[in-house]
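# Structural features, examined
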Amino acid sequence: MVARVWHGYTLPEHADAYEKMLKPELLPGISKVPGYRGSYLLRRTLGEEVEFITILLFDSVDSIRAVAGPEYETAVVPDIRRKHLTRYDAKASHYDIACINGIPGLAA
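What you are looking at is a predicted structure, and each value in this text was computed from that prediction instead of being measured. (Residues numbered from 1 in each chain as written. Predicted model: local features only at pLDDT ≥ 70, side-chain atom pairs only at ≥ 80, totals over all residues. Heavy atoms only, no water.)

Let us now look at the packing of aromatic side chains. Overall, the coordinates contain three aromatic pairs when judged by the stated rule. For the ring pair Trp-6 and Tyr-88, a centre distance of 6.0 Å and an interplane angle of 45° mean the geometry is tilted. In this pair, Trp-6 is assigned in strand S1 (residues 2-10) and Tyr-88 in strand S4 (residues 85-88), connecting sequence segments 82 residues apart. Residue class for Trp-6 comes out buried when judged on its relative accessible area of 8%. The partly exposed category is assigned to Tyr-88, whose relative accessible area is 31%. Ring geometry for Tyr-18 against Phe-52: centres 5.0 Å apart, planes inclined by 65°, an arrangement best described as edge-to-face. Placement of the pair is Tyr-18 in helix H1 (residues 12-21) and Phe-52 in strand S3 (residues 49-58), with a sequence separation of 34 residues. Of the two residues examined, Tyr-18 and Phe-52, each falls in the buried class. (Phe/Tyr/Trp six-rings, centres within 6.5 Å; stacked < 30°, edge-to-face > 60°. Helix = DSSP H or I, 4+ residues; strand = E, 2+ residues; numbered from the N terminus. Buried < 20%, exposed > 50% of the residue type's maximum accessible area, 1.4 Å probe, protein only.)

Structure, rendered in C-alpha cells:
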C-alpha cells in the first residue's frame, strides 16, 4: 500500500471553509477510484496560518496515476480550493506503508 501525503496552508479565517470543502471526500469522486483505500485529513494552527495535511491511501502507485495522471507527484488542487490557500506543496510525497497497526480492514 502507498500513502500520498500533501500539505496546504490557509489563513485562520479561511480554514473552516477550506476544511468543509474537503469533506466528505478530499477529491471529487476519489472514493470510486479502484485501489483507493481511504484518507486522513489533519489540521493544526501553525503561527499565522492553518496547516492541512492530507494522507490518501492507495493499493499502488498505478492507482494514484489513475487519479493524478502520469505526472502523479504533481499536486491535484482544484481551482475552487486554491482561493482558500496561501501556499501549498506543488508535489505530493509518496511512501510505501511498512506497517499498519490497529486500523480494522487495513493491512500493509
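Residues in a regular strand point their side chains to alternate faces of the sheet. Most of S1 sits out of view: eight of its nine residues are buried. Pairing between S1 and strand S5 (residues 93-96): four bridges, direction antiparallel. When the sheet's bridge partners are listed, Arg-4 is paired in S5 with His-94. Here three bridges tie S1 to S4, and the two strands are oriented antiparallel to one another. Within S4, the residue paired with Thr-10 across the bridge is Leu-85. (Pairing = 2+ DSSP bridges.)

Within the structure shown, the criterion is met by eight salt bridges. Notably, a salt bridge pairs Arg-87 with Glu-49, separated by 2.9 Å at the nearest N-O pair. Residue Arg-87 is located in strand S4, and its partner Glu-49 is located in strand S3; the two are separated by 38 residues in the primary sequence. In this structure Arg-87 comes out as partly exposed when scored by relative accessible area, which is 42%. Linked by salt bridges that have partners in common, Asp-16, Glu-19, Lys-23 and Arg-43 make up one network. (Salt bridge = Lys/Arg side-chain N within 4 Å of Asp/Glu carboxyl O.)

This brings us to the side chain of Arg-4. Mapping Arg-4 onto the fold places it in strand S1. Despite its burial, Arg-4 remains without a salt bridge, the nearest opposite charge being carried by Glu-73 at 8.1 Å. At a separation of 2.9 Å, a polar atom in the side chain of Arg-4 contacts the side chain of His-94. (Lys, Arg positive; Asp, Glu negative; His and termini not counted. Polar contact = N/O pair within 3.5 Å; in protein donor to acceptor, adjacent residues only side chain to side chain.)

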